[in-house]
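# Structural overview
Here is what each chain is made of, one letter per residue.
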Amino acid sequence: MAGNYDRAGEVKAFDQMKIGVKGLVDAGITKVPRIFHHQDVAVTNPKPSSTLEIPTIDVGGGVFESTVTRKSVIAKVRAAVEKFGFFQVINHGIPLEVMESMKDGIRGFHEQDSEVKKTFYSRDITKKVKYNTNFDLYSSQAANWRDTLTMVMAPDVPQAGDLPVICREIMLEYSKRMMKLGELIFELLSEALGLKPNHLKELNCAKSLSLLSHYYPPCPEPDRTFGISSHTDISFITILLQDHIGGLQVLHDGYWIDVPPNPEALIVNLGDLLQLITNDKFVSVEHRVLANRGEEPRISSASFFMHTIPNEQVYGPMKELLSKQNPPKYRNTTTTEMARHYLARGLDGTSPLLHFRI
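Summary of the structure given here. The model shown is predicted, which means the values in this text are computed figures rather than measured ones.

The rules behind these values
- Residues numbered from 1 in each chain as written.
- Predicted model: local features only at pLDDT ≥ 70, side-chain atom pairs only at ≥ 80, totals over all residues.
- Heavy atoms only, no water.
- Helix = DSSP H or I, 4+ residues; strand = E, 2+ residues; numbered from the N terminus.
- Rg over C-alpha atoms; globule rule 2.2 N^0.38 Å.
- Buried < 20%, exposed > 50% of the residue type's maximum accessible area, 1.4 Å probe, protein only.
- Pairing = 2+ DSSP bridges.
- Axes fitted to C-alpha atoms, helices over the stretch in contact; angles between N-to-C directions.
- Parallel < 35°, antiparallel > 145°, perpendicular 65-115°, else oblique.
- Contact = heavy atoms within 4.5 Å.
- Nonpolar A, V, L, I, M, F, W, Y, C, P; charged D, E, K, R; others polar.

## Comments concerning the overall build of the protein chain
Across its full length, the protein chain carries 10 helices and 14 strands. Computed over C-alpha atoms, the radius of gyration of the protein chain comes to 20 Å, within 12% of the 21 Å expected from 2.2 N^0.38 for 358 residues, which places it in the range of a compact globule. Seen along its three principal axes, the alpha-carbon backbone of the protein chain occupies a region of about 60 × 45 × 45 Å. Expressed as a percentage of the 358 residues in the protein chain, the buried residues total 54%.

Following this line, the structure appears as structure tokens:
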């Protein structure tokens, strides 16, 4: 690194403009600023099998109507999360037109007049509605090429007047449907652990929802940066809506596997909090998004099921899963403590759970 590079100063200058990565692209930049440069951008690596893909599971009506179907779905969920930590769901109850409207709403927010957008710009982690570039802009080694609108949608549904006008109605509609889907996924995961269907719901895992709506502008030098660098999610689970652009990759047995877009599917992945309370029975898996090589933006929305800050509910490995042969691997913690730890260290490619291991 050259001695005259003032990373902290450049980060602050960029942040204070409040224009996001999109603002840089709109200004016509042809080179990625140095604060976004990563050392390890390897787009391709050998795969053990070109046919390896994340399982797709049908969670349609039969899950409720037939014991046989439900058992079959639970077995598929268990196999998927134990092998990949990720799976896709179809027939999930959120209509295609709602998913499309959600993507349109996210794009509308990020592409509206920058002066309107700036009124939502904030780094206050307790703020329920905010827009910024990289939650870890100041703590990470290198920034990522994306802007994000974050909205806490449950347990307290926001007042309509607090939400951006351009996407207010679809955010409320989508999150209402997402809460229902989240409850179903937690039931299936509870049963996949050998517990009663409501077990995870009774621990309030399905109670709180934050929508992280990402906008990945085209990147002039995609081999220098990431859309999101390698990380695990802090949540209990995350349910992802992605558009047709692609770029999401999951780490499996040391190889990065592409997750090709399927317009009808939503992607479910397990988060660090679920790994902690299941005592490593279910594992939170690293994933990343490559910088956007195309000419149009990539749009996605990650539905994070986790408590908002501050929240003092204590979580530790579930006693039902522990034994002399399987003692607790983690100490008790709260989502607030985990979130503050996550924020302070940034996306550095190592598991934040190491900090909570006994």
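## Section: the sheet that holds strand 6 (residues 226-231)
In spatial order, the strands read 6-11-8-9; together these 4 strands make up an open sheet with antiparallel pairing. This sheet does not close on itself; its edge strands, each paired only once, are strand 6 and strand 9 (255-258). Put simply, the sheet's adjacent strands are angled 30° from each other on average, direction ignored.

## Points about the packing of helix 4 (residues 67-83) against helix 7 (residues 168-192)
Contact geometry of helix 4 with helix 7 gives a least axis separation of 9 Å together with a crossing angle of 80°. Of the possible angle classes, the one that applies to helix 4 and helix 7 is roughly perpendicular. Where helix 4 abuts helix 7, its residues R70, V73, I74, V77, R78 and V81 lie against E187, L188, L189, E191 and A192. Considering only residue class, the contact of helix 4 with helix 7 consists of 7 nonpolar, no polar and 4 charged.

## Concerning the pairing of strand 8 (residues 248-252)
The buried count for strand 8 comes to 4 of 5 residues, which makes it a mostly enclosed element. Bridging between strand 8 and strand 11 (residues 287-290) involves 3 bridges; their strand directions are antiparallel. Bridge assignment links L248 to a residue of strand 11, and that residue is V289. Across 4 bridges, strand 8 lies against strand 9 in antiparallel orientation. Looking at the pairing, H252 lines up with Y255 of strand 9. Count of turn residues in the strand 8/strand 9 antiparallel hairpin: 2 residues, of which D253 carries a positive phi of about 50°.

## Overview of the sheet that holds strand 2 (residues 86-90)
Ordered in space as 1-2-10-7-12-5-4-3, the 8 strands form an open sheet in which the pairing is mixed. Both outer strands of the open sheet, strand 1 (56-58) and strand 3 (129-132), are each paired with one neighbouring strand and no more. Mean inter-strand twist for the sheet, computed between neighbouring axes without regard to direction, equals 25°. As paired strands, strand 4 (residues 147-154) and strand 5 (residues 209-216) are joined by 7 bridges and run antiparallel to one another. The partner of V152 across the bridge, within strand 5, is S210. Strands strand 3, strand 4, strand 5, strand 7 (237-242), strand 10 (266-270) and strand 12 (298-305) of the sheet are contacted by helix 5 (residues 96-111), whose axis makes an angle of about 65° with strand 5. Against the sheet, helix 7 makes contact with strand 2, strand 4, strand 5, strand 7, strand 10 and strand 12, and its axis sits at roughly 130° relative to strand 7, the strand it touches most.

## Overview of the environment of V98
Its place among the elements puts V98 in helix 5. As a C-alpha pair, V98 and R177 span 79 residues in sequence and 9.4 Å in three-dimensional space. Excluding its chain neighbours within four sequence positions, the residues that come into contact with V98 are I170, E173, Y174 and R177.

## Things to note about the environment of L354
In this fold, L354 is placed in the segment after helix 10 (335-345). Each C-alpha atom, one on L354 and one on H199, is 26 Å from the other, the two residues being 155 residues apart in sequence.

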